[in-house]
Amino acid sequence: WTVLHILAEGKMRCLFSLVFGGSLILLTSRLEAKGSGSADIYYRRTLWLLAFGIAHAYLFWNGDILYPYALCALLLYPFRKLSAQALLTLGILLIVVNAGLYISKGFETRKTLSEGQAALAASDAGKDLTDQQESAKDDYEEWRKSNRPTPEELERDARHWRGTPLRVLQARAERVADSHNESLYSPTSENWDIWCMMFLGMALMKMGVLTGERDNRFYARLAFMGYGIGVPLNSITAWIVIRSHFDPPTQDFSSVTYDVGRLAIALGHMGAIMLLVKLGTLRWLTSSLAAVGQMAFSNYICQSVITSIVFTGYGFKLYGTLEPYQLYYAILPIWIFQMIASPIWLRHYRFGPLEWCWRSLTYWKRQPMLRAASSS
């Protein structure tokens, strides 16, 4: 848990958000340089991503990221003309807002636990509860089911996911409906977490950081500073959480530095990766990862399809049967397969299958797929 907390959890998603924001600048600047209108293509691309996200969420993975990314992207287009400095400022302001929201959440969690447990104790003692106590009890029970389920509740949940494909679809639909019904443009939504990184990614694209235009010293400094800030900061929060025995309010309060810590580590990863690529080090690895990245959409959905078959009633029904460390036995073969298959696929085809589909729908014209095909 500590290693993931310091180096991985939320950091890869942060990198994804940075690159996604950069892709907006890449797409629109190329279109506008050709004298083409970019709004039509941009919004068609985004709305198709929204549709793909809805299908992915309901069919394969209720933790889908495409749907919220598309919702965020719908509002980003007007900001493309801002300077890199203005975009950086926007991103930093949203990080500050998020920090305040984590503090607010900490107080809210503390109140839910203290008032809910008091109401529950009064109920167990046979006392009549006021309307306020009943409400507090209900809020606490809802929190407990999500965060501290009983073994019986866990087994009941697992039976849904190990059931028939129709039962799996029903269980997933319940989760997705709840998340998609949230107020996605309010400050309490996870979209603000995404927006802050997308704005920063747009700025990094304009600054030439994502395109490798900076020199090797820049990326070495980026890696050094990112890890130099992120590792100590995340280590401190890990120590605070562990020392509190994973106390929920403490976890919320310690998240005040969450976005700063994950951004620092993500920039450290970015600097290290860009430096490896520019130096030509471990080319066998970076070229394979680059192929996986070129097919990121197809590989993302592929992972969901495979794990749905492995874990749910779609196939082998292993949901809830593995210890956390055993999950790596499922992850490693998938990554080996994708790192071998992606370069082979791209030797013959211009795009991954879903990238081709998305691109054709975006431009409303069938795109050339075979490498040998002429690009008309």
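Attention here is on the structure that accompanies the text. (Residues numbered from 1 in each chain as written. Predicted model: local features only at pLDDT ≥ 70, side-chain atom pairs only at ≥ 80, totals over all residues. Heavy atoms only, no water.)

With that out of the way, let us pick up the layout of surface pockets. Reported here for the second largest pocket is a volume of approximately 430 Å³. When residues in the lining of the second largest pocket are grouped by element, the largest group, six residues, is from helix α10 (residues 216–243). For the lining of the second largest pocket, the class distribution of residues is 16 nonpolar, one polar and one charged. (1 Å grid on protein atoms, 1.4 Å probe; cavity = no way out; pocket = protein on both sides within 12 Å on 5 of 7 lines; lining within 4 Å. Points joined across faces, edges and corners; volume = space filled by probe spheres on them. Helix = DSSP H or I, 4+ residues; strand = E, 2+ residues; numbered from the N terminus. Nonpolar A, V, L, I, M, F, W, Y, C, P; charged D, E, K, R; others polar.)

Moving on, we get to empty space enclosed by the protein. For the structure on display, the rule yields one cavity of 30 Å³ or more. Counted as a void, the largest cavity has a volume near 40 Å³. The element best represented in the lining of the largest cavity is helix α3 (residues 39–59), accounting for four residues. Grouping the amino acids of the lining of the largest cavity by side-chain chemistry returns five nonpolar, one polar and one charged.

A word on the nonpolar core. L18, L76, M197, L263 and M270 are the most contacted members of the largest nonpolar core, which totals 53 residues. Among the secondary structure elements, those contributing two or more residues to this core are α2 (11–33), α3, α4 (66–76), α5 (84–124), α9 (191–206), α10, α12 (258–279) and α14 (296–311). The element best represented in this core is α9, accounting for 12 residues. If we skip the residues at most four places from it in the chain, M197 touches C14, S17, L18, I95, D259, R262 and L263. (Core = buried A, V, L, I, M, F, W, Y, C linked by side-chain atoms within 4.5 Å. Buried < 20%, exposed > 50% of the residue type's maximum accessible area, 1.4 Å probe, protein only. Contact = heavy atoms within 4.5 Å.)

So, about a negative patch on the surface. A cluster of acidic residues, E108, E115, D131, E134, D138, D139 and E142, forms a negative patch on the protein surface. Among the secondary structure elements, those contributing two or more residues to the negative patch are α5 and α6 (131–147). Relative to the assigned elements, E142 resides in helix α6. Look at E142 and you get exposed, because its relative accessible area is 57%. (Patch = residues over 30% accessible without salt bridge, like charges linked within 9 Å, V, L, I, M, F, W, Y side chains within 5 Å. Areas by Shrake-Rupley, 256 points an atom, 1.4 Å probe, with all protein chains shown as cover. Salt bridge = Lys/Arg side-chain N within 4 Å of Asp/Glu carboxyl O. Lys, Arg positive; Asp, Glu negative; His and termini not counted. Charge placed at Lys NZ, Arg CZ, Asp CG, Glu CD.)

Turning next to the state of the cysteines. Applying the stated rule across the entire model yields zero disulfides. Just so you know, C14 is unpaired, no disulfide at all, and the nearest cysteine sulfur is the one on C196, 7.4 Å from it. Assessed through its relative accessible area of 0%, C14 is described here as buried. (Disulfide = S-S within 2.5 Å.)

If you trace the backbone, T321 turns up in the loop between α14 and α15 (327–348). Spatially, the C-alpha atoms of T321 and F311 are 8.9 Å apart, while their sequence positions differ by 10 residues. With near-sequence residues (within four places) excluded, T321 lies in contact with R162 and Q326. Of the polar contacts made by the side chain of T321, one reaches the backbone oxygen of L318; its length is 2.6 Å. (Polar contact = N/O pair within 3.5 Å; in protein donor to acceptor, adjacent residues only side chain to side chain.)

A few words now on the packing of α2 against α3. When two helices pack together, their arrangement is given by the angle between the helix axes and the distance between those axes. Viewed as axis vectors pointing N to C, α2 and α3 meet at an angle of 145°, and their least axial separation amounts to 10 Å. Packed against α2, whose contacting residues are F20, S23, L24, L27, T28 and L31, the element α3 presents I41, Y42, R45 and L49 at the interface. Here the contact of α2 with α3 is composed, by residue class, of seven nonpolar, two polar and one charged. (Axes fitted to C-alpha atoms, helices over the stretch in contact; angles between N-to-C directions.)

Let us look at the pattern of salt bridges. Going through the model one piece at a time under the given rule, you end up with 11 salt bridges. With a shortest N-O distance of 2.8 Å, D193 and R262 are connected by a salt bridge. Pair noted here: D193 is in helix α9 and R262 is in helix α12, with a separation of 69 residues, a long-range link. The class of D193 is buried, set by a relative accessible area of 8%. The buried category is assigned to R262, whose relative accessible area is 0%.

Helix length check: α2, at 23 residues, gives a terminal C-alpha distance of 33 Å against a target of 33 Å (1.5 Å per residue), a fit within 8%. Positive phi appears at G35, one or two residues downstream of α2, with a value of about 80°. (Expected span 1.5 Å × (residues − 1).)

Glancing now at the packing of aromatic side chains. Applying the stated criterion across every chain, the model contains 19 aromatic pairs. Their ring planes at 75° and their centres at 5.4 Å tell us that F297 and W358 sit as a pair that is edge-to-face. Of the two residues, F297 is situated in helix α14 and W358 in helix α16 (residues 353–363); the sequence distance between them amounts to 61 residues. Ring-pair connections join several aromatic residues into one group, and the members of that group are F16, F20 and Y69. One residue, R80, lies across the ring of Y77, its end atom 3.9 Å from the ring centre. Sitting over the face of the ring of F218, R214 holds its NZ or CZ atom 4.6 Å from the ring centroid. (Phe/Tyr/Trp six-rings, centres within 6.5 Å; stacked < 30°, edge-to-face > 60°. Lys NZ or Arg CZ within 6 Å of the ring centre and 35° of its normal.)

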